[in-house]
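One letter stands for each residue in the lines below.
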Amino acid sequence: MLEYILAKYNFWIYVVLMMIGLYAMMGKRNLVKKLIGMNIFQTSIILFFVSIGVKKGGATVPIIMGHGHGHGQHLIKVADYLNPLPHVLMLTAIVVSIATTGVALATLILIYKRYHTLEEDEILAIRKDPSSYKTLG
Amino acid sequence: MKNWFKLISWVAVIMTGALLIYGIHDMPAWGDPDSPANAHVSPRYILEATEKTATPNIVSAVLADYRGYDTLGETTVIFTAAISCLFLLRRRGGKK
């Protein structure tokens, strides 16, 4: 059983990270904790894609030096370079995650200014019964 | 009410985790050079990108050349996020 887990241990780590993020998004009542959960979730997906591009056996980063236009070409061996496509896709994913985090933080600032709390149940109580709204000094 | 809510989210999280762990069976081993992701499309990029785009860095070549329109859309995403942050955090006129 242990060997079975260790054979593909990277995927188990991403599953655990994704479950942590999903639980933080669903089970937590604080909006900042929900946002942190969303970031953990995105990080697990990014790590998953990057690990897909790994090649064992001495492969390096996909930068090919010394291959000018046409002349002096050595043979490029595919096994010597990591898979570049997951890296490209995850660059896009990181950008999208930064954008969503920024907009979410700005929205949280507005929510805090309006309700003076970031707890979801307190916000819902205030929305149901505006007289329970307690002003901060 | 609160415990009921937590219970529901635990059940959903554990079901999702079980599905994902079930999916691990079919995944290739760590670092396998012959895995489907490494064997089908990416060899073409590694072999031809330098010659076709004259860029040593394949990641840059794919990001800015092969997938240029995707990167254009990506900058649109950042631009939209920046504009919405600007409008969300802008100081309301008049009041301090």
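Going by the structure above, here's the rest.
As a starting point, this report considers the structure included with it. On a predicted model such as this, the values are computed, not experimentally measured, just so you know.

### What to know about helix 4 (residues 84–115) of chain A
Alright, step 1. Counted at 1.5 Å a residue, the expected span for helix 4 of chain A with its 32 residues is 46 Å, and the 46 Å between its end C-alpha atoms agrees.
Alright, step 2. Among the residues of helix 4 of chain A, A:Pro84, A:Leu85, A:Pro86, A:Val88 and A:Met90 are the ones counted as buried.
Alright, step 3. In this structure, the buried residues of helix 4 of chain A make contact with helix 3 (31–52) of chain A together with helix 3 (42–53) and helix 4 (58–66) of chain B.
Alright, step 4. A:His116 lies just past helix 4 of chain A and shows a positive phi near 55°.

### Quick look at the packing of helix 2 (residues 9–27) of chain A against helix 1 (residues 2–24) of chain B
Alright, step 1. It is the contact of helix 2 of chain A with helix 1 of chain B, at a shortest axis distance of 9 Å, that shows an interaxial angle of 160°. Viewed along their axes, helix 2 of chain A and helix 1 of chain B adopt a mutual orientation that is roughly antiparallel. The two elements helix 2 of chain A and helix 1 of chain B meet at a crossing, and its hand is right-handed. Residues A:Phe11, A:Trp12, A:Val15, A:Met18, A:Met19, A:Leu22, A:Tyr23, A:Met26 and A:Gly27 of helix 2 of chain A form the contact with helix 1 of chain B, whose participating residues are B:Lys6, B:Ser9, B:Ala12, B:Val13, B:Thr16, B:Gly17, B:Leu20, B:Ile21 and B:Ile24.
Alright, step 2. Residue classes in the contact of helix 2 of chain A with helix 1 of chain B are distributed as 13 nonpolar, 4 polar and 1 charged.

### Regarding the interface of chain A and chain B
Alright, step 1. If you look at the interface, chain A gives 44 residues, while chain B gives 40 residues.
Alright, step 2. Here the side of chain A that touches chain B takes 15 residues from helix 4 of chain A, the largest share from any one element.
Alright, step 3. Looking at the side of chain A that touches chain B residue by residue, the classes come out as 30 nonpolar, 11 polar and 3 charged.

Reading the values: rules and limits
- Counting from 1, residues in each chain are numbered in the order their sequence is written.
- Naming scheme: in the order in which they are written, chains are lettered from A and ligands are numbered from 1.
- Only residues with pLDDT of at least 70 are given local features in this predicted model, and only at 80 or more are side-chain atom pairs given and counted; all residues enter the totals for whole chains, interfaces and linings.
- A run of H or I in DSSP becomes a helix once it reaches four residues, and a run of E becomes a strand once it reaches two; helices and strands are each numbered from the N terminus.
- Expected span of a helix, by definition, is 1.5 Å for each gap between consecutive residues, and there is one gap fewer than residues.
- Between the buried cut of 20 or more and the exposed cut of 12 or fewer other C-beta atoms within 10 Å of a residue's own C-beta lies the partly exposed class, and all C-beta atoms are placed from the backbone.
- Any residue pair is listed as a contact if its two C-beta atoms, each placed from the backbone, are within 7 Å.
- Lines are fitted to the C-alpha atoms to define the axes, a helix being fitted only along its stretch in contact, and any angle between axes, read from their N-to-C directions, falls within 0 to 180 degrees.
- Each angle receives one of four descriptions, namely roughly parallel if under 35 degrees, roughly antiparallel if over 145, roughly perpendicular if within 65 to 115, and oblique otherwise.
- In this scheme the crossing of two helices becomes right-handed for a clockwise turn of the near helix relative to the far one and left-handed for an anticlockwise turn of less than a right angle.
- Following the grouping adopted for this structure description, the nonpolar residues are Ala, Val, Leu, Ile, Met, Phe, Trp, Tyr, Cys and Pro, the charged ones are Asp, Glu, Lys and Arg, and the polar ones are all others, Gly among them.

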